[in-house]
Amino acid sequence: MTLDDCLTEAATFQMPCDLRRLFATILVLCEKTQIRQLCDKHLASMCEDYHRTQSNEVALEQMVFRDIRDLLQSMGKDIKSYGLPDLVDIYGDSDVEYKEVTEERQVEVDQEHLDIFSRLSTEQLAGFNDIMDHVTNQKSQIFFVDGPGGTGKTYLYKALLAKVRSMGPIAIATTTLGITASIMPGGRTAHSRYKIPIKLTHNSMCSFTKQSGTAELLKQASLLIWYEVAMTKSLAVQTLDGSLHDIMECALPFGGKVAVFGGDFRQVLLVVTRGTRAQITHATLLRSYLWEMICKIRLMRNMRAQTKPWFSKYLLRISNGTEKTIGDDYVCLPEDIVITYTKDEKQVNKLIEDVFPSLHTNAMSREYMSTRAILSTKNEHVDDLNDKMISRFPGEEKVYHSFDSIEDDFENNIDFLNSNTPNGLPPHVLKVKINCPIIMLRNLDPHNGLCNGTWLMMRAFQDNAIDA
Ligand SMILES: Nc1ncnc2c1ncn2[C@@H]1O[C@H](COP(=O)(O)OP(=O)(O)OP(=O)(O)O)[C@@H](O)[C@H]1O
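For the protein chain, an unreviewed UniProt entry supplies the name ATP-dependent DNA helicase and the organism Hordeum vulgare subsp. vulgare. For the protein chain, the Sequence similarities (unreviewed entry) comment in UniProt is given as "Belongs to the helicase family."

The structure is reproduced here in structure tokens:
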């Protein structure tokens, strides 16, 4: 396969704007040579939509490169490093320097999110008013919205973001995980938004300069929200704290900003590679110097499971550690949610039929496919379930193979290597069908919801390109 084939095939089913994004993605993620030739060859397809408003060839080319530059910028890259033609500032583009600010101001406020305010529960409303009082009066404070799953933490953030943005000031929405970033309007991962280094020490600083767009965005921001903070290392939060002291020239926590953290330490915690329980707990925000300075907003009422109060209380008992355990780590599940394990395939098939009833007739429905999933703790079980699901799915099957190469002398072990499915790597053999759901594994374009964990539906495929 070549990247050239990929672009040629994609041009047959993609809009020019999608093709420009694909080109930018190739620049960022693929090992590429001869970029200029690749670009020249596909320039005509990439600028088809601009032909309606522009006939001058040079101006057309500039429009394409400006778009690619913006796409690269939102992926944290600079077009100058790819040897593409220089951009002429024909539009008096004076705000390019602070694209981060412009982009943030362009996030639309959803009326539905503004309306949330009138539906907030008493405890949500108390938190909302307290935070808004600090934002409007510019009083420095860090908050932590503490509530078990389903108590409406995300609901509260959406109300806050909508309110602050509708009044004019900047509110930055970040989360620890790419997938939760897409739940909040304008959401980005905290690492990408604040340029937090992956390897962290107690002296780490975010990798933006005082003159950068990110620094300007932070200076102008009135509210910083960081969701799922329980799943990040306290060092990451402390790194942002240090950088904010620096750019705001203020010794108050977070440089005097109003910051709202949220998450649930009863749910999934952060990953410390091969770490013990104690090491994991030690790395959380709970053990940070910041924790004592944080004002806690507690949400207790489960809004998600209002129709199933028994189940919500049961979940709370497990997360609080008060449910009776078997040994140290096991709890007994209620019988009505358990399918008894047998060694044959019968019970797995029953599970699939229970979760995906009448798959054949519903496979085309986005609503049906996006509202159900089977989770498993081990990759091998996931692969097995995927195989079963794909073979049940209606339609013609397409098989893709990975094309990784080997640098060491493992040439004879290629079959063995391909049979492995290590964490974070896609399988060597990928079987898909039209309409089947697929999950993105990279943060391609978080601003537009394309991040690690986003669900997509397969719309079309060719040998080197997939339209999803
Ligand atoms: N005040 C409310 N009125 C009506 N519905 C609400 C209210 N608060 C939350 N909900 C609904 O309850 C559900 C759970 O809310 P939400 O996702 O915000 O909880 P959460 O605490 O963020 O959960 P998790 O920790 O699992 O992410 C959502 O469907 C949300 O729309």
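From this point on, the discussion continues.
Overview of the packing of helix H3 (residues 35-46) against helix H4 (residues 57-74)
One can describe the packing of H3 onto H4 by two numbers: an axis separation of 11 Å at closest approach and a directional angle of 110 degrees. One element, H3, and the other, H4, form an angle in the roughly perpendicular class. For the pair formed by H3 and H4, the contact residues are Arg36, Cys39, Leu43 and Met46 on the first element and Glu61, Val64, Phe65 and Ile68 on the second. The residue makeup of the contact of H3 with H4, split by class, is six nonpolar, no polar and two charged.

Observations regarding the pairing of strand S2 (residues 170-175)
Counting buried positions over the six residues of S2 gives six, a clear majority of the element. Burial along S2 is two-sided: Ile170, Ile172 and Thr174 and Ala171, Ala173 and Thr175, pointing in opposite directions, are all buried. Of the pairings in the sheet, the one linking S2 to strand S4 (residues 221-227) comprises six bridges and is parallel in character. From the neighbouring strand, Thr175 faces S4, where its bridge partner is Tyr227. In terms of strand pairing, S2 meets strand S3 (residues 188-189) through two bridges, oriented parallel. Looking across to S3, one finds that Thr174 is bridged to Arg188.

Here is what the cut-offs are and how they apply
- Residues numbered from 1 in each chain as written.
- Predicted model: local features only at pLDDT ≥ 70, side-chain atom pairs only at ≥ 80, totals over all residues.
- Heavy atoms only, no water.
- UniProt positions renumbered as here; feature names shortened; annotations may be inferred.
- Axes fitted to C-alpha atoms, helices over the stretch in contact; angles between N-to-C directions.
- Helix = DSSP H or I, 4+ residues; strand = E, 2+ residues; numbered from the N terminus.
- Parallel < 35°, antiparallel > 145°, perpendicular 65-115°, else oblique.
- Contact = heavy atoms within 4.5 Å.
- Nonpolar A, V, L, I, M, F, W, Y, C, P; charged D, E, K, R; others polar.
- Buried < 20%, exposed > 50% of the residue type's maximum accessible area, 1.4 Å probe, protein only.
- Pairing = 2+ DSSP bridges.

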